[in-house]
Amino acid sequence: ETQSTSFRVLDRIPNCILNHISGSQVHKQTLEQYEIYQVQSEQEKEIYFQQAKAEHGSYYAWHGSSPCNWHNILRTGLQVMSGSKYQRNGAAYGEGIYVSPDFGLAMSYSRHYNGTFQTQTPELKTGVAFVEVVNSPTILIKGTIHVVPADYLVQIRYVFLMT
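Residues numbered from 1 in each chain as written. Predicted model: local features only at pLDDT ≥ 70, side-chain atom pairs only at ≥ 80, totals over all residues. Heavy atoms only, no water.

### Describing the environment of Ala-54
Put simply, the rule is: Runs of H or I in DSSP of at least four residues are treated as helices and runs of E of at least two as strands, each being numbered from the N terminus. Exposed residues in this analysis have more than 50% of their type's maximum accessible area, buried residues have under 20%, and partly exposed residues fall in between, with area computed by a 1.4 Å probe over protein chains only.
Within the element layout of this structure, Ala-54 appears in helix H3 (residues 43-56). Taking the relative accessible area as the measure of exposure, Ala-54 reaches 69% and is therefore exposed. Counting along the chain gives 80 residues from Ala-54 to Val-134, while the straight-line C-alpha distance between them is 8.8 Å.

### What to know about the side chain of Arg-157
Inclusion rule: Polar contact is defined as a pair of N or O atoms within 3.5 Å, subject to the rule that within protein one atom must be able to donate a hydrogen and the other to accept it, and that residues adjacent in sequence are counted only when both atoms are side-chain atoms. By definition, residues are in contact when any of their heavy atoms lie within 4.5 Å.
Within the secondary structure layout, Arg-157 lies in strand S8 (residues 154-162). You can call Arg-157 buried: its relative accessible area is 14%. Within the structure, Arg-157 has its side chain in polar contact with the side chain of Glu-46 (distance 2.9 Å). Contact partners of Arg-157, with chain neighbours within four places excluded, come to Tyr-37, Gln-38, Val-39, Glu-46, Phe-49, Gln-50, Tyr-60, Phe-130, Val-131 and Glu-132.

### Overview of the pairing of strand S5 (residues 126-134)
Heads up, the rule is: Pairing between strands is defined by DSSP: at least two bridges between the two strands are required.
In terms of burial, S5 is a largely internal element, nine of the nine residues being buried. Neither face of S5 is exposed, since Thr-126, Val-128, Phe-130, Glu-132 and Val-134 on one face and Gly-127, Ala-129, Val-131 and Val-133 on the opposite face are all buried. Where strand S3 (residues 58-64) and S5 come together, seven bridges link them in antiparallel fashion. Within S5, the residue paired with Tyr-60 across the bridge is Glu-132.

### Observations concerning the pattern of salt bridges
Using the following cut-off: What makes a salt bridge here is a side-chain nitrogen of Lys or Arg within 4 Å of a carboxyl oxygen of Asp or Glu, nothing more.
Evaluation of the coordinates by the stated rule reveals three salt bridges. Two residues, Glu-46 and Arg-157, come together in a salt bridge whose shortest N-O distance is 2.9 Å. Of the two residues, Glu-46 is situated in helix H3 and Arg-157 in strand S8; the sequence distance between them amounts to 111 residues. A relative accessible area of 18% places Glu-46 in the buried class. Taking the shortest distance from any N to any O, the salt bridge between Lys-53 and Glu-132 comes out at 2.7 Å. Remark: Glu-132 occurs in strand S5 and Lys-53 occurs in helix H3; sequence separation between them is 79 residues. Residue classification places Glu-132 among the buried residues on the basis of a relative accessible area of 3%. Each member of the salt-bridge network shares a partner with another, and the members are Glu-46, Lys-53, Glu-132 and Arg-157.

### So, the packing of aromatic side chains
Centre distance and the angle of the planes are the two values used to describe a pair of aromatic rings. Just so we agree on the cut-off: Between rings of Phe, Tyr and Trp, where Trp is taken as its six-membered ring, a pair exists when centres lie within 6.5 Å; planes separated by under 30 degrees are stacked, by over 60 edge-to-face, and by other angles tilted.
Evaluated as defined, the whole model comprises five aromatic pairs. Between Trp-62 and Phe-130, the aromatic rings sit 4.9 Å apart at their centres with planes inclined by 65°, giving edge-to-face as the arrangement. Here Trp-62 is found in strand S3, whereas its partner Phe-130 is found in strand S5, with 68 residues between them in sequence. One exposure class covers both Trp-62 and Phe-130, and it is buried.

### Overview of the environment of Leu-161
Note that Leu-161 resides in strand S8. Sequence separation between Leu-161 and Gln-33 is 128 residues; the distance between their C-alpha atoms is 8.7 Å.

### Remarks on the sheet that holds strand S7 (residues 145-148)
Applied cut-off: Lines fitted to the C-alpha atoms define the axes, with helices restricted to the stretch that makes contact. Angles between their N-to-C directions range from 0 to 180 degrees.
Strand order in the open sheet formed by three strands is S4-S7-S6, and the pairing between neighbours is antiparallel. On the outer flanks of this sheet lie strand S4 (97-99) and strand S6 (140-142), each paired with one strand and no other. Strand-to-strand, the axes of this sheet are offset by a mean angle of 20°, without reference to chain direction. In this structure, S4 lies alongside S7, joined through three bridges in antiparallel fashion. Paired with Ile-97 across the two strands is Val-148, which belongs to S7.

Structure, rendered in C-alpha cells:
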C-alpha cells in the first residue's frame, strides 16, 4: 500500500505561519511546544486543490482534532466524515470539514485541551493542523467557524503535534 502523504520534520516555525499569527492571540512560544511537520499531499489531491485555488483564491486556517483521529488524518488527509460512522463531532452547521482562523477554537476540538494539556493519550496529547482553504463560495462561515463542504477544498500544510 502506498502512503498518500509525505512529511518533513521542521526545527522552526515557517514564516508563512509566523506571518499568519502576527497580531493574533496565538503566540510563537505556544507553537514552539509542538513537533512541527510539513505535509505534502498526494499529487492528484494537490492538483484538484490548485485548480480550485486558481479560480477562487485561498486563505489559511486551523483544524483541531482528537488524538485518536490524527493517525488517519495524517495517512489520508482531511475528509468529510459527516453522516458516516467515522464522524467524531457534531455537525451543528452542516456537513463538512470544520476549520477556523481562531487557533484556540481549533484547539478546543482536540478534546484533550481545555487550557491545559491532559494525558489521557500519553503518546499524543494534542494536535492541530495549519491548513490552506480554497476561498470557495460554497464554504459556510458562521463567525470563526468555517465549514468546508468538500475534501478537495482544503489541504493540510503543517501539523503541530504535542507528544
